[in-house]
Amino acid sequence: MTVHGARATVGPTKIRSLLGILAYRCNEPVALSVLAEALWDDDGPTDRIATLQSYKSRLCRTLELHGLAEVSREHGGYRLRIDPSAVDFHRFEATVRDGHRAAGRGDHAAAADLFDAAVRLWRGPLIADLSTTWARRQQESLRIRNLLPAQCALLEAKLRLADHDFVLGALSSLLDDYPLEDQPAMLLMRALAAANRAQEVRPFFRDYCQRLQDEHGTVPGADLMATYQEVTGRGETRTHPAPAPRPPRATPHFIGREHLIGQLDALLTGPEPPTTLVALDGQPGVGKTTLVKHWAHSRQHLFPDGVLHADLGGYSTTGPVEPGTAIAGFLDMLDVPAADVPPTTEDRAALLRQRLVGRRVLVVIDNVRNSSHVRPVLAAVANCPTVITSRQRLTGNAVRDGAERFTVPELSTNEAAGLLAAHVGPRTADEPAAVAEFVALCDRLPMAVCIAGQYAASRPAVPIGDLADELRQTRRLLDIGSHGDDTTLRSTYALSYRALPAAQARLFRLIGLLPARFSVAAAGAVSAVRRPDVDDLLDGLVSAHLVEQEGAGRFRIHDLLHQFAADSADEDEPAADREASMLRLLTWYVCSARNARPFLTSDPHDVPELTGVEPVTAREFVDRDDARAWFTLERKTMVSLVQRAGEQGHHEHVWRLAACLNLVNTQGDLHEMLGVHQRGAESAAIVGQRVAEAGCLNNVGYIHQKLQDAVRAGRYFKQAYHAFHAVGETYGEAVSLHNIGTTHLELGDPADAIAWYRRALHLFSAADQEWAIANVYSRLGEAFRRLDQFDEADSHYQRAWRIHEKLGDQRRQGEVLNRLARLYLDRDQPRDAVAFGQHALDLHDRTGDRDSAAEVLCTLAEARLRLGERAEATAHASEAARTYAEMGNVSGQATALSVLTEAQAAAGEEDQARTTWAQVTELLDGIDDERASNARERLRWHSPSVPAPRSTEPAMTRSRVTRSNHLMKPE
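Residues numbered from 1 in each chain as written. Predicted model: local features only at pLDDT ≥ 70, side-chain atom pairs only at ≥ 80, totals over all residues. Heavy atoms only, no water.

**Notes on the overall build of the protein**
Counting secondary structure elements, the protein contains 43 helices and 13 strands. By the compact-globule yardstick of 30 Å for 971 residues, the protein fits well, its C-alpha radius of gyration being 34 Å. For the protein, the C-alpha atoms occupy an extent of roughly 105 × 65 × 60 Å along the three principal directions. Taking all 971 residues of the protein together, 53% fall into the buried category. By sequence separation, contacts in the protein at least 24 residues apart represent 67% of the contacts at least 6 residues apart. By element, 49% of the accessible surface of the protein is carried by carbon and sulfur atoms, the whole surface being about 41,900 Å². (Helix = DSSP H or I, 4+ residues; strand = E, 2+ residues; numbered from the N terminus. Rg over C-alpha atoms; globule rule 2.2 N^0.38 Å. Buried < 20%, exposed > 50% of the residue type's maximum accessible area, 1.4 Å probe, protein only. Contact = heavy atoms within 4.5 Å. Areas by Shrake-Rupley, 256 points an atom, 1.4 Å probe, with all protein chains shown as cover.)

Here it is as structure tokens:
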């Protein structure tokens, strides 16, 4: 690996290979199963996934050290987020595309330079260190599929520049490497003829054909034979009827799509194109027709005999066009009199094939219904370069007809912004943030951007930001344009929806009741369809580009399609059925979460079972990892369902979902979780569930505590304590006492905290609640640490650790290790602190506890600083700050940034340290005075070279914080 021109060590072979695979597939998730197959044959470790996790952790540390890239865990795999231009393979691909564009516009000198630069980038096999079966297969495939076409494109450009000696010299070695590949063989015959050595063509051709027969038992292909006939003068004279048919008018304001245009050029425009058929599919409104029209117009000079275009009306109000009708239309474009057109599709196809012999014609077949709809037309134009488009995934054409299939994606944000500017004008430059929001509302779909752009252009006095707010709040984007010519997104989507079979259409509209990201099991629950039937229905929706699969059993639907689906459910699904579907969905999530809970906590107090609901087949779990993975994937869905269920009055489901989500409080946005538990408390109060209400209040306090707002946390813990006490719930009282103790600890009064903890310990011990006892021991250790009673602290931490280890509670084990790391840092034993901290970090990675991970990263950063390991300290503090920021924990982010400031200053980066410290003060100025004062109290580092954080109010003294009258005093 090269960093700023210097070689950097990545690690052993397997870690280097892991980086190579992720770089090859950069910016897309690579499944763990694929990585395991790539790295090992039959000689791999027993637990390959655990080994991969270890490799990934070590790779992340190396990449972060050099500030190069980020490896994230997504959808059961890893994704390397990196600029593709930093990877030699992707630079090779981009340079080849540039070469084809240069060749397409006739600049063969530039094309030759670009192809030559690309070939020089190919310095050896992909992931050369790896020799597994997967690696060898990939290396050979890429050599044939990517390197050879680039080498031949270079020689083609040189041949057009009449550099015959270069071409013939290069082909000599190329044919040694690829002795039975047609493309270099055809180039050699053409180069020999161009160099006045045509007498050598026939002997070469005879020898080549004999090798084909001897080694493969085959005869020369049509393209090879045509080249031989052309250079030896045995081909037929071509005819060029006039006038040649032209493509339809291109859509104005075309933007982007360079990659797909490069693919079309590479596949269809060369002298020996690798295919004659390209299939483009994609969701409604994504711009398939616009792309093909633009490309056909810009490349029509390459097809001197014309462009045949037909719209097969696969998705239209008038219905699909019959293939025979489309073929008759092509014959008409070629000036065949109507009286000469045969009556049957087969005879028309035969006549069209005859008329196309010897002609260089491009065929564009737009808006086909599916693969079988277009196949008779393809048979009629089999030897012509052809592009077909459809909303349906054209897998059949790829499998049976040899088509190269591509899915047209949405525009990038910048491309969509450029398209909006083309419609709206220069005022978009004054509101870049509003423009970004505007195109995001449009899902970056070209059709949506154009419609919304015309809407904005007709209202020049209204700021774009205001229009974006209006469209978001009124949800009118599907219908704008309906007062003109009825070109609306709703009418466009309706064509696809109405074309679905009944069962697929029902599932599609019920997906409108789900969040935009959902699982196959959730789709089954909302529709009451069992697997594998629901799998088949979802496959149909994926093929229709109405939903996307983003992982194993995981799907998503774009926002505008999601809104259309929800509207369709309102219109086409009876109200009683919608209500039943929503209740089934909520019940499925509650029951599945309850099933996962025992694997993720040692707390024996279960969430009560739902009664009086329709039975569902809930998700079952095999172990802790299975349950944790499910909760991680479904957390956002359950959070969104809490709000929707509350709005619809399903309060028994709301508070149970909130109670289950307590298990993943620290995995996401803390403010989001605050809203979940507040809604849980409100719903529990509405249905008279006093114990549940108290539990949810306790959870609200816990989130405030994680947000480092001890005063507000104490108020909620006090409310929870009184609610538990009122109904005689002793366990809940003990939990509240424990949490009140923690607020005193956070506010700087460890002695008072110990008194509260001991009261809680007494109640937990009487009830023999080991899990809770361990939590109290851990907190007592923290209190004694704050009192500098380190041996007493260590003893309590060890007690807590032993119980959590016995119970198998990895999340709590990680929390205890966090505290041990801090303890040994206070004891000025930074090397031991690092050991405890790294162990804790590994556990947090396994459990997904991001808050605890950020906390221990701060401790690790301070320990590394004391050891003089400044680069590692900077990396740890930076990661902690990012994590806290993603979770919405402003105080934690400020703490992490203060440690980062110290690391930067220690490294002599004074300017950077001042900038980071300014971020700290800005963050603290953005929260209320009491919390800001507490956070400032907690910031331990002060440097004379960096200004201390400013404050408009005097910092709250320790005694004032400790005696806050919002908290209870121990009795």
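**So, the nonpolar core**
Within the largest apolar cluster, 115 residues are counted, with the highest numbers of intra-cluster contacts made by Phe438, Phe508, Leu538 and Phe631. In terms of residue count, helix H26 (residues 575-600) provides more of this core than any other element does, 9 residues in total. Those residues in contact with Leu538 that sit more than four places away from it in its chain are Leu507, Ile511, Phe518, Val520, Ala523, Val547 and Phe555. Counting residues in each nonpolar core, the second largest holds 75 residues, with Val30, Phe89, Val96 and Val231 among its members. (Core = buried A, V, L, I, M, F, W, Y, C linked by side-chain atoms within 4.5 Å.)

**Thoughts on helix H29 (residues 670-686)**
Relative to the 24 Å expected for 17 residues at 1.5 Å per residue, H29 spans 25 Å between its end C-alpha atoms, a close match to the ideal helical length. Considered for burial, the residues of H29 that qualify are Leu670, Met673, Leu674, Gly675, Val676, His677, Gly680, Ala681, Ser683 and Ala684. Those residues of H29 that are buried lie in contact with helix H27 (624-647), helix H28 (651-661), helix H30 (690-706) and helix H38 (850-866). One or two residues past the end of H29 sits Gly688, with phi positive at roughly 75°. (Expected span 1.5 Å × (residues − 1).)

**Thoughts on the packing of aromatic side chains**
Taken as a whole and judged by the stated rule, the model has 20 aromatic pairs. When the centroid spacing of 6.2 Å and the interplanar angle of 65° are considered together, the rings of Phe89 and Trp122 count as edge-to-face. Note that Phe89 is positioned in helix H4 (residues 88-104) and Trp122 in the loop between helix H5 (108-121) and helix H6 (133-160), a separation of 33 residues in sequence. A relative accessible area of 18% means that Trp122 is categorised as buried. Taken together, a centroid distance of 4.9 Å and an interplanar angle of 85° make the contact between Trp588 and Tyr589 edge-to-face. Side by side, Trp588 and Tyr589 carry an identical accessibility label, which is buried. Each member of the aromatic cluster is reached from another via a ring pair, and the members are Trp588, Tyr589, Phe621, Trp630 and Phe631. In this arrangement the basic side chain of Lys158 is found over the ring face of Phe166, its NZ or CZ atom lying 4.8 Å from the centre. Positioned above the aromatic ring of Tyr824 is the side chain of Arg827, whose terminal nitrogen or guanidinium carbon lies 5.4 Å from the ring centre. (Phe/Tyr/Trp six-rings, centres within 6.5 Å; stacked < 30°, edge-to-face > 60°. Lys NZ or Arg CZ within 6 Å of the ring centre and 35° of its normal.)

**Some details on the UniProt feature "repeat: TPR" (unreviewed entry) in the protein**
Residues given the UniProt feature "repeat: TPR" (unreviewed entry) here are residues 774-807. The span residues 774-807 shows a helical share of 91% and a strand share of 0%, and its end C-alpha atoms are spaced 10 Å apart. (UniProt positions renumbered as here; feature names shortened; annotations may be inferred.)

**Concerning the packing of helix H33 (residues 750-766) against helix H34 (residues 770-786)**
With their axes 9 Å apart at the nearest point, H33 and H34 run at an angle of 165° to one another. By the criterion of interaxial angle, the relationship of H33 to H34 is roughly antiparallel. Considering the relative orientation of H33 and H34, their crossing is left-handed. On H34, the residues touching Pro750, Ile754, Tyr757, Arg758, Leu761, Phe764 and Ser765 of H33 are Ala772, Ile773, Val776, Tyr777, Arg779, Leu780, Ala783, Phe784 and Arg786. When its residues are assigned to classes, the contact of H33 with H34 shows 12 nonpolar, 1 polar and 3 charged. (Axes fitted to C-alpha atoms, helices over the stretch in contact; angles between N-to-C directions. Parallel < 35°, antiparallel > 145°, perpendicular 65-115°, else oblique. Left-handed = near helix turned anticlockwise from the far one by under 90°. Nonpolar A, V, L, I, M, F, W, Y, C, P; charged D, E, K, R; others polar.)

**Notes on the pairing of strand E9 (residues 386-390)**
Across the 5 residues that make up E9, a large majority, 5, are buried. Burial along E9 is two-sided: Thr386, Ile388 and Ser390 facing one way and Val387 and Thr389 facing the other are all buried. Where strand E6 (residues 277-281) meets E9, 5 bridges bridge the pair, whose relative direction is parallel. Following the sheet pairing, Ala279 is matched in E9 by Ile388. With 4 bridges connecting them, strand E8 (residues 362-368) and E9 associate as parallel partners. Following the sheet pairing, Val363 is matched in E9 by Thr386. Handedness of the crossover is the feature at issue here: the chain leaves E8, passes through helix H15 (residues 371-380), returns alongside E9, and the resulting connection is right-handed. (Pairing = 2+ DSSP bridges. Right-handed = clockwise from strand over helix to strand, strands pointing away.)

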